[in-house]
Structures are given as structure tokens and as C-alpha cells.
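# Observations on the model geometry
Residue-level listing of the chains:
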Amino acid sequence: AGVTYDGSWLDIHDKWIHFNGNRLHFTQPFAGDRFTLVYYTCSRYMDASLELSSVLRAAGFPFCKSSQKLAEASISKKEEKNLEHEK
């Protein structure tokens, strides 16, 4: 008690919101039903071997390393992780 954190309020009603769930976040009180989808990404997705990516594809996972957006997200995630370790 007695601790204050700066932050921002997001209107999430009927919207898709993408954010880093590893960072502090919270919800406000609400009435009714709420549904949340949480997706996790593996920091080492781009480091997977050809053998592993082939096995995943064969099992039905759409494993693809050629996405520019995925490559940028992977680099960003690694940089952020490195900054956290430096603290």
C-alpha cells in the first residue's frame, strides 16, 4: 500500500490491444463478462534449427522464419531482455 506507479489508461472495449505483458499492467473494475486471449512468443524462435522447424511444420505448426515483422520483433525482444539484465 502507498506505492504509486505512472502509467496510461487504454480503452480496450471491442479492440485488439498488443502490449508487452512482461511489464507491469493491471485492470480497472468492470461489470459483465470479459474475455482475454494471451499469446506467448519464444525469445529463441528465430534460433530454431532447420530440423526442429521441419518437425514443427510436419506437426501442423505454421513455422516460418522469413517474416520481416517476426525478425524485427525477435531483435526487439532480445534487446529489451538485455536491458533488463543490465539493471
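In short, a report on the structure. (Residues numbered from 1 in each chain as written. Predicted model: local features only at pLDDT ≥ 70, side-chain atom pairs only at ≥ 80, totals over all residues. Heavy atoms only, no water.)

## Section: the overall build of the chain
Secondary structure assignment for the chain yields two helices and zero strands. The C-alpha atoms of the chain give a radius of gyration of 18 Å, which is well past the 12 Å a tight globule of 87 residues would have. Over its C-alpha atoms, taken along the principal directions, the chain stretches across nearly 50 × 40 × 20 Å. By the burial criterion, 7% of the 87 residues in the chain qualify as buried. Once local pairs closer than 6 in sequence are excluded, the contacts in the chain between residues at least 24 apart make up 38%. In the chain, the 11 positive side-chain charges and the 11 negative ones have mean positions that sit 5 Å from each other. (Helix = DSSP H or I, 4+ residues; strand = E, 2+ residues; numbered from the N terminus. Rg over C-alpha atoms; globule rule 2.2 N^0.38 Å. Buried < 20%, exposed > 50% of the residue type's maximum accessible area, 1.4 Å probe, protein only. Contact = heavy atoms within 4.5 Å. Lys, Arg positive; Asp, Glu negative; His and termini not counted. Charge placed at Lys NZ, Arg CZ, Asp CG, Glu CD.)

## Some points on the layout of surface pockets
Here the largest pocket is characterised by a volume of approximately 2,600 Å³. Surrounding the largest pocket, 50 residues form its lining, I17, H18, F19, N20 and G21 being those nearest its centre. Within the lining of the largest pocket, the residues separate by chemical class into 22 nonpolar, 16 polar and 12 charged. (1 Å grid on protein atoms, 1.4 Å probe; cavity = no way out; pocket = protein on both sides within 12 Å on 5 of 7 lines; lining within 4 Å. Points joined across faces, edges and corners; volume = space filled by probe spheres on them. Nonpolar A, V, L, I, M, F, W, Y, C, P; charged D, E, K, R; others polar.)

## Here's the deal with the packing of aromatic side chains
The geometry of an aromatic ring pair is captured by the separation of the ring centres together with the interplanar angle, meaning the angle of the planes. Counted by the stated rule, this structure contains zero aromatic pairs. One residue, R34, lies across the ring of F30, its end atom 3.6 Å from the ring centre. (Phe/Tyr/Trp six-rings, centres within 6.5 Å; stacked < 30°, edge-to-face > 60°. Lys NZ or Arg CZ within 6 Å of the ring centre and 35° of its normal.)

## Comments concerning a nonpolar patch on the surface
Residues L10, I12, I17 and F19 make up a contiguous nonpolar surface patch of roughly 360 Å² in combined accessible area. With relative accessibility at 46%, the residue I12 sits in the partly exposed group. (Patch = residues over 30% accessible without salt bridge, like charges linked within 9 Å, V, L, I, M, F, W, Y side chains within 5 Å. Areas by Shrake-Rupley, 256 points an atom, 1.4 Å probe, with all protein chains shown as cover. Salt bridge = Lys/Arg side-chain N within 4 Å of Asp/Glu carboxyl O.)

## Digging into unusual backbone geometry
For D14, which is not a glycine, the phi torsion comes out positive at approximately 60 degrees. Among the structural elements, D14 can be located in the segment before helix 1 (50–58).

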